[in-house]
Amino acid sequence: MTENVESWSGKDRGDENFPVGSILIRPDLRRHVHAYYAFARNADDIGDSPVLPPEEKIARLDHMESVLLGERQNGSPSASALRASLAETGVTPRHATDLLIAFRQDATKSRYESWAELLDYCRYSAMPVGRYVLDVHGEGPETHAASDALCAALQVLNHVQDCQKDLHDLDRCYLPLDLMNAAGAAVSDLPAKAETAALRQVFARLLAECDALNAEAARLPRRVSDRRLRIETGVILNLSRRLTTRLRQGDPLARRVKLSKIDALFALVGGIGYVL
């Protein structure tokens with residue numbers, strides 16, 4: 001496979017719930033964060049492709065990893081760009097290769113049996129992102145646990161937010177089946193126009209887990225040395241809290257529950273508070 005294995009969906013940083021490499025990031029590091037995001041976005045698009053068969057997805061992701069690690073030179077422009085960025089910054093490629101573990105899993109796994117299994121998925125699909133951003137800023141390992149909690153919360157919130165779309169587009173359900181069974185809910189409930197009482201129990205349980213993750217993540221901004229990154233992590237923490245509240249109050253089956261401009265403004269003000 002020598003042609004470009006990437007097939008960009010058209011999504012970019014502006015399509016995410018949370019800031020990615022925003023103007024709060026130090027200008028000299030912003031292009032590196034953007035290179036990491038471009039790699040992640042292209043790899044995620046492969047894993048989420050509705051037309052590629054699983055074996056083709058895995059082959060393309062393997063190719064991206066080979067280019068990232070310098071085993072191949074062509075076929076993945078975003079991996080080539082990130083390889084150059086990592087060489088310049090000295091950051092380990094593991095934060096990128098760990099993402100590929102999750103995206104390969106997405107190619108073949110469509111159901112999650114338990115919260116523990118879902119959290120293990122988050123270990124690869126979300127936590128590497130926070131660790132990369134911290135490492136490229138030179139932050140220490142004492143920031144990792146709180147960052148992991150925040151990234152896991154963001155991932156689970158996205159799973160609740162997009163539970164209907166994930167099933168419709170990809171026949172994929174991240175809602176843990178043991179929680180579904182205990183509440184009397186079923187995957188077949190997700191295409192409905194409104195949530196059932198049983199599904200609301202599942203959402204409530206997952207949002208309670210997100211509350212606990214957000215509480216652990218609250219230690220992160222104060223542990224970050226870089227002042228701009230401290231604001232950024234504070235903003236993201238506040239957005240995570242606010243989206244948790246929005247999902248507790250709204251029905252993700254009736255309409256897509258999302259953050260408003262007011263949410264973003266309050267989150268920014270709260271983030272600035274971490275440097276005052």
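Structure report, in brief. (Residues numbered from 1 in each chain as written. Predicted model: local features only at pLDDT ≥ 70, side-chain atom pairs only at ≥ 80, totals over all residues. Heavy atoms only, no water.)

Within the protein chain, the regular secondary structure consists of 13 helices and zero strands. Taking 2.2 N^0.38 as the reference for a compact globule, 276 residues should give roughly 19 Å; the C-alpha atoms of the protein chain span a radius of gyration of 19 Å, in line with that estimate. The C-alpha extent of the protein chain, read off along each of the three principal axes, is 50 × 50 × 30 Å. Per-residue burial for the protein chain yields a buried fraction of 52% across its 276 residues. Restricting the contact set of the protein chain to residue pairs at least 6 apart, pairs at least 24 apart contribute 71%. Counting every atom, the protein chain has about 12,500 Å² of accessible surface; 53% of that belongs to carbon and sulfur. Across the protein chain, the centroid of the 35 positively charged side chains sits 6 Å from that of the 38 negatively charged ones. (Helix = DSSP H or I, 4+ residues; strand = E, 2+ residues; numbered from the N terminus. Rg over C-alpha atoms; globule rule 2.2 N^0.38 Å. Buried < 20%, exposed > 50% of the residue type's maximum accessible area, 1.4 Å probe, protein only. Contact = heavy atoms within 4.5 Å. Areas by Shrake-Rupley, 256 points an atom, 1.4 Å probe, with all protein chains shown as cover. Lys, Arg positive; Asp, Glu negative; His and termini not counted. Charge placed at Lys NZ, Arg CZ, Asp CG, Glu CD.)

Taken as a whole and assessed by the stated rule, the structure comprises 23 salt bridges. Put simply, Arg-200 and Glu-195 hold a salt bridge, and the shortest N to O gap is 2.8 Å. A salt bridge links Arg-242 to Asp-263; the nearest nitrogen and oxygen atoms lie 2.7 Å apart. In this pair, Arg-242 sits in helix 12 (residues 227–249) while Asp-263 sits in helix 13 (residues 261–272), placing the two residues 21 residues apart along the sequence. For Arg-242, a relative accessible area of 29% translates into the label partly exposed. Taken together, the shared-partner salt bridges connect Arg-26, Asp-28 and Asp-226 into one network. (Salt bridge = Lys/Arg side-chain N within 4 Å of Asp/Glu carboxyl O.)

Let us now look at unusual backbone geometry. Even without being glycine, Asp-171 reaches a positive phi, approximately 50°. Residue placement: Asp-171 occurs in the loop between helix 8 (163–170) and helix 9 (177–183). Judged by relative accessible area, which is 44%, Asp-171 ranks as partly exposed.

Glancing now at helix 8. All of the buried residues along helix 8 are Cys-163, Asp-166 and Leu-167. Along the axis of helix 8, the buried residues cluster in a sector spanning 95°; they form a single face. Residues of helix 8 that are buried sit in contact with helix 7 (144–161) and helix 10 (197–217). The first or second residue beyond helix 8 is Asp-171, which carries a positive phi of 50°. (Arc of directions from axis to C-beta.)

There is a patch of nonpolar side chains on the surface, built from Ile-262, Leu-265, Phe-266 and Val-269 and spanning about 400 Å² of accessible area. Tracing the sequence through the fold places Val-269 in helix 13. (Patch = residues over 30% accessible without salt bridge, like charges linked within 9 Å, V, L, I, M, F, W, Y side chains within 5 Å.)

What follows concerns helix 3 (residues 77–89). With 13 residues, helix 3 should cover 18 Å at 1.5 Å per step; its first-to-last C-alpha distance of 18 Å lies within 8% of that length. Within helix 3, the full set of buried residues consists of Ser-78, Ala-79, Leu-82, Ser-85 and Leu-86. End-on, the buried residues of helix 3 take up no more than an arc of 120°, which puts them together on one face. Among the exposed residues of helix 3, those oriented more than 90 degrees off its buried face are Ala-87 and Glu-88. The inward-facing, buried residues of helix 3 abut helix 1 (27–47), helix 2 (54–68), helix 4 (94–108) and helix 6 (127–136). A positive phi of about 80° marks Gly-90, the residue just after helix 3. (Expected span 1.5 Å × (residues − 1).)

Take the nonpolar core next. One broad rule of soluble globular proteins: the nonpolar side chains tend to lie buried together. Membership of the largest hydrophobic core comes to 80 residues, with the highest contact counts inside it found for Phe-39, Leu-82, Tyr-132, Leu-175, Leu-190, Leu-199 and Leu-206. Setting aside residues up to four positions removed in sequence, Tyr-132 forms contacts with His-32, Val-33, Tyr-36, Ser-85, Leu-86, Val-91 and His-95. (Core = buried A, V, L, I, M, F, W, Y, C linked by side-chain atoms within 4.5 Å.)

On to the packing of helix 1 against helix 2. Taken N-terminus to C-terminus, the directions of helix 1 and helix 2 make an angle of 160°; their axes are 9 Å apart at the nearest point. Classified by the interaxial angle, the pair formed by helix 1 and helix 2 is roughly antiparallel. Our pair here, helix 1 against helix 2, has a crossing hand that is left-handed. Across from Phe-39, Asn-42, Ala-43, Ile-46 and Gly-47 in helix 1, the residues of helix 2 making contact are Lys-57, Arg-60, Leu-61, Met-64 and Leu-68. In terms of residue class, the contact of helix 1 with helix 2 is built from six nonpolar, two polar and two charged. (Axes fitted to C-alpha atoms, helices over the stretch in contact; angles between N-to-C directions. Parallel < 35°, antiparallel > 145°, perpendicular 65-115°, else oblique. Left-handed = near helix turned anticlockwise from the far one by under 90°. Nonpolar A, V, L, I, M, F, W, Y, C, P; charged D, E, K, R; others polar.)

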